[in-house]
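# Examining the three-dimensional arrangement
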Amino acid sequence: MSIQSIPDLVVKNANIITVDSNIPKAEALAIKNGRFIAIGSNKDIENITTPQTKIYDAENRTIIPGLIDAHIHVLSSGIRHVMAADCTVKDIQEVSGLLKDKVKNTPKGEWVQGFKYDDTKIKENRDLYRQDLDSISLDHPIMVSHRAGHVYYMNSKALELSGYHNESEDPHGGKLGRDKSTGELNGVVYERAIQPTQQLLPRISDKDRTEGLKQISSMLNSSGLTSVHDARVSQDEFLTYQDGEKNNYLGLRVYMLMAQDLFPSLRDAGVKTGFGSEMLKVGGIKMTSDGAIAARTAWLSEPYIGSEDDCGIQAMSQEELDDQVIQMHNAGFQVAVHANGDSAISMVLNSYEKALELNPLKDTRHRIEHCTLVNPDILKRMAKNDVQATPFCTYVFYHGEKMQFYGEERLEWMFAQKSFIEYGVNSTGATDYPPGPYPPLMGIQSCITRTDSNGKLWGPSQKINIDQALKIYTLNGAKAAFEENIKGSISMNKLADFVVLDKDITKVDPFEIKDIKIVKTVIGGNTVYEG
């Protein structure tokens with residue numbers, strides 16, 4: 001036996017689900033230098049084990065490949081957990097209390113922030129308004145973001161500093177909320193109307209970004225995630241990620257979808273999609289073409305239930321999108337455009353098709369982020385050009401009360417994992433955290449059962465089975481990042497990323513999948529979480 005074949009770690013007595021069709025099941029595996037070097041029976045692996053090999057006895061627990069969230073806001077969420085009030089609470093009084101605590105520790109005139117407010121989950125079942133936040137402070141600008149993003153709540157001071165007043169017109173790609181009886185600004189700000197405010201927010205310190213990365217890495221590792229596609233990485237966040245990799249506090253493999261404004265500098269520096277390492281890699285360029293599902297601002301072809309003319313918000317024009325997509329495509333970048341509604345998705349496909357007609361590059365794997373409401377024509381167009389889909393996976397379970405705004409008929413074509421499979425579209429596991437809860441096992445359960453937390457079934461025709469759901473959260477996620485040859489399954493020479501579960505995910509009641517305990521999360525043969 002050559003020294004190269006002596007494993008660093010052997011796992012035995014396991015129920016291994018490989019997501020590799022060549023060897024679907026195994027009971028043992030061996031790892032060296034962060035990669036799988038053998039997979040098979042206990043006896044097979046015993047033959048290459050030496051006294052120097054570390055042994056992990058799985059005690060018949062189930063092992064699956066490391067899980068991949070292909071659209072999640074990673075570092076920005078970690079930073080908000082450090083800096084902002086988490087407004088996932090029962091009522092507005094409790095939200096006010098959290099923000100008042102922030103006010104007490106913030107000098108007058110400086111910003112106070114909250115995040116993850118949800119109008120349909122709060123007891124009052126409504127938005128926050130300017131008056132709610134004015135009652136907390138008139139001396140501090142206050143901004144609270146909706147859990148879905150895309151909608152923000154501001155007090156009078158924040159509106160004033162942002163340049164908004166009662167005579168302000170809605171900006172391009174955005175909207176200003178108004179009191180229906182008086183026409184005055186009510187403090188609700190939608191989509192791109194938040195951009196002036198974002199320029200005013202305090203610069204995030206290196207310390208807060210570092211602490212945010214450590215905190216969010218730990219949170220995600222504990223849920224079984226080993227790889228993530230961070231859905232919008234700024235310049236400062238890019239620097240923090242690089243520092244995290246260099247100094248060993250980056251606890252996840254990260255495929256970065258870079259912020260749109262970074263495209264010119266990345267292009268001019270000669271960077272393309274795929275630049276980086278197995279831990280940190282430049283992915284696509286992220287843009288946003290419409291609103292959000294949870295905030296009911298996605299751009300639909302038909303109005304929302306209960307409205308005669310509200311079809312959501314178009315955040316980019318076709319001409320604007322065409323120009324940007326063609327430039328990014330020609331520069332060798334994967335393009336990743338947020339599009340929820342069917343109108344927005346069709347517009348994005350128009351741009352991709354124009355770019356490919358002008359410059360028919362091979363294997364571009366352009367992406368539609370969320371890709372929520374589809375139809376047969378959309379699916380055929382996606383399959384033709386191998387456009388990747390990253391639909392919300394925890395939404396049906398967690399955001400069931402919002403599904404009523406879309407109606408039963410549309411729900412049969414939303415988060416359409418079954419249809420993606422049937423039409424040959426590569427679709428991934430994704431949560432978009434903070435908008436959706438990040439636990440991947442909740443996402444898998446939601447895809448299989450299509451049932452919300454109250455037991456209501458939504459869009460049953462899109463149910464998939466456990467094998468399909470596991471592939472979506474592993475191999476398909478890897479493919480969306482051009483990484484299917486190095487991750488996504490427990491296969492020879494692939495990166496040794498895996499998760500140990502305390503129950504067999506293929507045999508438990510599907511409605512109990514989200515409650516399976518994560519025993520261990522391993523990246524490159526190293527344990528990053530142990531329950």
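Before reading further, recall that the structure is shown in the block above.
So, here is what we can say about the structure in this document. All values derive from a computational prediction rather than experimental measurement.

## A closer look at the overall build of the chain
- Counting its regular elements, the chain contains 18 helices and 23 strands.
- Relative to its length of 531 residues, the chain is compact, with a C-alpha radius of gyration of 23 Å against a globular reference of 24 Å.
- If you line up the chain on its principal axes, its C-alpha atoms span 80 × 55 × 50 Å.
- The buried share of the chain, reckoned over its 531 residues, is 60%.

## So, the pairing of strand 10 (residues 112-117)
- With respect to burial, strand 10 is a largely interior element, 5 of its 6 residues being buried.
- The pairing of strand 9 (residues 85-86) with strand 10 spans 2 bridges and is parallel. Bridging from a neighbouring strand, Asp86 pairs with Phe115 of strand 10.
- Assessed by its sense of winding, the connection that carries the chain from strand 9 through helix 3 (residues 92-104) to strand 10 is right-handed.
- Strand direction decides the pairing type here: strand 10 and strand 11 (residues 142-146), joined by 4 bridges, are parallel. From the neighbouring strand, Val112 faces strand 11, where its bridge partner is Ile142.

## Side note on the environment of Lys456
- Tracing the sequence through the fold places Lys456 in the loop between helix 16 (440-449) and helix 17 (466-472).
- Residues in contact with Lys456, not counting those within four places in the same chain, are Glu408, Arg450 and Thr451.
- In terms of polar contacts, Lys456 uses its side chain to reach the side chain of Glu408, at 3.2 Å.

## Some details on the environment of Val499
- Following the sequence through the fold, Val499 ends up in strand 21 (residues 498-501).
- With a relative accessible area of 0%, Val499 lands in the buried category.
- The spacing of Val499 and Thr226 is 273 residues in sequence and 8.5 Å in space, taken between C-alpha atoms.
- Beyond its immediate sequence surroundings of up to four residues, Val499 is in contact with Thr62, Ile63, Ile64, Pro65, Gly66, Leu67, Gly224, Ile518, Lys520 and Thr521.

## Some remarks on the sheet that holds strand 13 (residues 174-178)
- Judged by pairing direction, the sheet is mixed, and its 6 strands sit side by side in the order 9-10-11-12-14-13 without closing on themselves. Two strands lie at the open edges of the sheet, namely strand 9 and strand 13, each paired on one side alone.
- As judged from the 3 bridges shared by strand 12 (residues 151-154) and strand 14 (residues 185-191), these two strands associate in the antiparallel manner. Each bridged residue has a counterpart across the sheet, and for Tyr152 the counterpart in strand 14 is Val189.
- Sitting on the sheet, helix 2 (residues 75-83) touches strand 9, strand 10 and strand 11, and the angle it makes with strand 10 is about 120°.
- Across the sheet, helix 3 lies against strand 9, strand 10 and strand 11, angled at about 150° from strand 10, the strand it touches most.

## Observations regarding the nonpolar core
- By size, the foremost hydrophobic cluster in this structure holds 79 residues, and its most contacted members are Tyr241, Ile368, Met382, Ile444 and Ile505.
- Among the elements that make up this core, the one with the highest residue count is helix 11 (residues 342-358) (7 residues).
- In contact with Met382, not counting residues within four places along its chain, are Leu349, Ile368, Cys371, Val387, Gln388, Ala389, Phe420 and Val425.
- In this structure, Ile92, Ile122, Ala294 and Leu373 belong to the second largest nonpolar core, which totals 38 residues.

## Thoughts on the packing of aromatic side chains
- The final tally for this structure, using the stated rule, is 8 aromatic pairs.
- Residues Phe36 and Phe498 carry aromatic rings whose centres are separated by 6.4 Å and whose planes lie at 40° to one another, so their mutual orientation is tilted. Taken together, the positions of Phe36 in strand 5 (residues 35-40) and Phe498 in strand 21 put the pair 462 residues apart, joining distant regions of the chain. Phe498 matches Phe36 in its accessibility class, with the two residues each being buried.
- In this structure an aromatic cluster arises from ring pairing among Phe392, Tyr395 and Phe415.
- Sitting over the face of the ring of Tyr249, Lys214 holds its NZ or CZ atom 5.3 Å from the ring centroid.

## Section: the sheet that holds strand 16 (residues 253-259)
- The 7 strands are arranged 8-15-16-17-18-19-20 in an open sheet whose pairing can be described as parallel. Each having just a single partner strand, strand 8 (67-72) and strand 20 (388-390) make up the two edges of the open sheet. The average angle at which neighbouring strand axes cross in this sheet is 25°, direction not considered.
- Bridge analysis of strand 18 (residues 335-339) against strand 19 (residues 367-370) gives 4 bridges, and the strand direction is parallel. Residue pairing for strand 19: Ala336 is matched across the bridge by Arg367.

Reading the values: rules and limits
Residues numbered from 1 in each chain as written. Predicted model: local features only at pLDDT ≥ 70, side-chain atom pairs only at ≥ 80, totals over all residues. Heavy atoms only, no water. Helix = DSSP H or I, 4+ residues; strand = E, 2+ residues; numbered from the N terminus. Rg over C-alpha atoms; globule rule 2.2 N^0.38 Å. Buried < 20%, exposed > 50% of the residue type's maximum accessible area, 1.4 Å probe, protein only. Pairing = 2+ DSSP bridges. Right-handed = clockwise from strand over helix to strand, strands pointing away. Contact = heavy atoms within 4.5 Å. Polar contact = N/O pair within 3.5 Å; in protein donor to acceptor, adjacent residues only side chain to side chain. Axes fitted to C-alpha atoms, helices over the stretch in contact; angles between N-to-C directions. Core = buried A, V, L, I, M, F, W, Y, C linked by side-chain atoms within 4.5 Å. Phe/Tyr/Trp six-rings, centres within 6.5 Å; stacked < 30°, edge-to-face > 60°. Lys NZ or Arg CZ within 6 Å of the ring centre and 35° of its normal.

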